[in-house]
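One letter stands for each residue in the lines below.
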Amino acid sequence: MFERKLTHLLRCFKILPNFKTWPVSFLKKSIQGFEQLIYPLKCLKCGTYIDPKLVRPHTMEACFCDICMKDGFFPIETPYCIKCGLKLHQNFSENHVCEACIKKPLKVEKVRAVVEYKGIIKDAIPLFKYSSKLAAAKVFELLLFQAFINHYKQMSVDLIIPIPLYKTKLRERGFNQAFLMVRNFIKLYEQHFGQNPLWEIDTNSLIRIKKTEPQTGFDIEQRKNNLKKAFQVVDKNSIKTKNIVLIDDVFTTGATCNEAALELLKNGANRVDALVLART
Ligand SMILES: [Zn+2]
Ligand SMILES: [Zn+2]
């Protein structure tokens, strides 16, 4: 009785336009407001406050302010090399294979990258990896998932393998950035397609057995040597005859993905592709 009177009163004052939706939306807004009070949106690079009303959640704009975003965000669209995913000049055809891939093909069958490694992503990835700005993980995961369903819906994928870290590095960092970018893939797939995926995320079959030096500053040969025999398949049966997509954050010369692919193929995998967030 009291509730009806209150509803009527509020309607008279046009405070409550739709009673049916009121409790949920009110609650939602209150929780959001409360969250923003405790966890205000701040630019991950410069710390400037971001108005949540002006941005969609889990987007680059919700992580980086307008000024930092001015550095640019460069999604890789066609034309790109159909093998290694390298962004090509507009004059190239959509089926072009770049010179490097003709001269020395990678062990990875095809590489696809979300964005060019320049502009804001060049700051965003190290902030995520080395300063634990984990708010970026969700954004990267959504970008990667979108790329995954764009590039892989027509072909069969059996396993998604995030490039593993060496055990001491994993302990120091506390997380594997490649795994964080796919950990909700199954949930996202179910939301998107309304069914379970046929593939699995495999974090056990491939391990890193060599503590490699950071690749920064190394040339192609040094990178290759640094990564030599860095990976080991520990469960042959689970990768045998499988089509695998490796996941990594940055693809520079491809030495990491290539070495992992080599080990997987040597142990019986049928095909190895790579999907990465950024590519130089
Ligand atoms: Zn900023
Ligand atoms: Zn290429």
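Residues numbered from 1 in each chain as written. Chains lettered and ligands numbered in written order. Predicted model: local features only at pLDDT ≥ 70, side-chain atom pairs only at ≥ 80, totals over all residues. Heavy atoms only, no water.

Novice: I'm lost on the overall build of the chain in this one. Help?
Specialist: Summing up its helical and strand segments, the chain has 13 helices and seven strands in all. Residue burial in the chain is summarised as follows: out of 280 residues, 41% are buried. Within the chain, counting contacts between residues at least 6 apart in sequence, those at least 24 apart form 68% of the total. For the chain, the accessible surface area stands at approximately 16800 Å², while carbon and sulfur atoms represent 55% of it. (Helix = DSSP H or I, 4+ residues; strand = E, 2+ residues; numbered from the N terminus. Buried < 20%, exposed > 50% of the residue type's maximum accessible area, 1.4 Å probe, protein only. Contact = heavy atoms within 4.5 Å. Areas by Shrake-Rupley, 256 points an atom, 1.4 Å probe, with all protein chains shown as cover.)

Novice: Would you take a moment to explain the nonpolar core for this structure?
Specialist: Here is a general trend for soluble globular proteins: nonpolar side chains tend to be buried in one another's company. Counting 46 residues, the largest nonpolar core has Met60, Phe64, Ile121, Phe140, Leu144, Phe148 and Phe185 as its most contacted members. Counting residues per element, this core draws most heavily on helix α7 (residues 135-152), which supplies 10 residues. If sequence neighbours within four positions are ignored, Phe140 has contacts with Met60, Ile121, Ala124, Ile125, Phe128, Met181 and Leu277. Judged by nonpolar contacts, the second largest core, of 26 residues, contains Phe231, Val233, Ile244 and Ala260. (Core = buried A, V, L, I, M, F, W, Y, C linked by side-chain atoms within 4.5 Å.)

Novice: So what exactly am I meant to see when it comes to a nonpolar patch on the surface here?
Specialist: A contiguous nonpolar patch, built from Ile207, Ile209 and Val234 and spanning about 220 Å² of accessible area, is present on the exposed surface. Position of Ile207 relative to the elements: it lies in strand β4 (residues 206-208). Look at Ile207 and you get partly exposed, because its relative accessible area is 31%. (Patch = residues over 30% accessible without salt bridge, like charges linked within 9 Å, V, L, I, M, F, W, Y side chains within 5 Å. Salt bridge = Lys/Arg side-chain N within 4 Å of Asp/Glu carboxyl O.)

Novice: Looking at this structure, I do not really get the coordination of the zinc ion (ligand 2). What am I missing?
Specialist: Six octahedral donors around a metal ideally sit at 90 or 180 degrees from one another, while four tetrahedral donors ideally sit at 109.5 degrees. At 2.3 Å from the zinc ion (ligand 2) lie its protein donor atoms, namely Cys81 (SG), Cys84 (SG), Cys98 (SG) and Cys101 (SG). Note that the zinc ion (ligand 2) binds four donor atoms; their angles at the metal cover 104 to 115 degrees, and the shape is tetrahedral. Sequence spacing among the residues donating to the zinc ion (ligand 2) works out to C-x2-C-x13-C-x2-C. With Cys81 in the loop between α4 (66-69) and α5 (99-103) and Cys101 in helix α5, this pair connects stretches of sequence that are 20 residues apart. The exposure classification of Cys81 matches that of Cys101, with both residues buried. (Donors = N, O, S within 2.8 Å, 3.2 Å for Na, K, Ca; no water. Tetrahedral: all angles 85-135°; square planar, octahedral: opposite > 155°, others 65-115°.)

Novice: I would appreciate a short explanation of the sheet that holds strand β3 (residues 200-201) in the present structure.
Specialist: Pairing between the strands of a sheet is mediated by backbone hydrogen bonds and can be parallel or antiparallel. Taken together, five strands build an open sheet; the order of strands is β1-β7-β6-β2-β3 and the sheet is parallel. Strands at the two margins of the open sheet, each flanked by one partner only, are β1 (111-116) and β3. As defined by bridge partners, strand β2 (residues 159-162) adjoins β3 across two bridges and the pair is classed as parallel. What sits directly across from Leu159, in β3, is Glu200. Those strands touched by α7 are β1, β2, β6 (243-251) and β7 (271-279), and its axis lies near 140 degrees from that of β7. (Pairing = 2+ DSSP bridges. Axes fitted to C-alpha atoms, helices over the stretch in contact; angles between N-to-C directions.)

Novice: How should the coordination of the zinc ion (ligand 1) be read in this particular structure?
Specialist: Taken together, Cys43 (SG), Cys46 (SG), Cys65 (SG) and Cys68 (SG) make up the protein donors of the zinc ion (ligand 1), found 2.3 Å from the metal. Seen from the zinc ion (ligand 1), its four donor atoms lie at angles of 105 to 117 degrees, and the figure they make is tetrahedral. Within one chain, the residues donating to the zinc ion (ligand 1) are spaced in sequence as C-x2-C-x18-C-x2-C. Judged by relative accessible area, Cys43 falls into the buried class, the value being 4%. Cys46 gets classed as partly exposed once you look at its relative accessible area, which sits at 44%.

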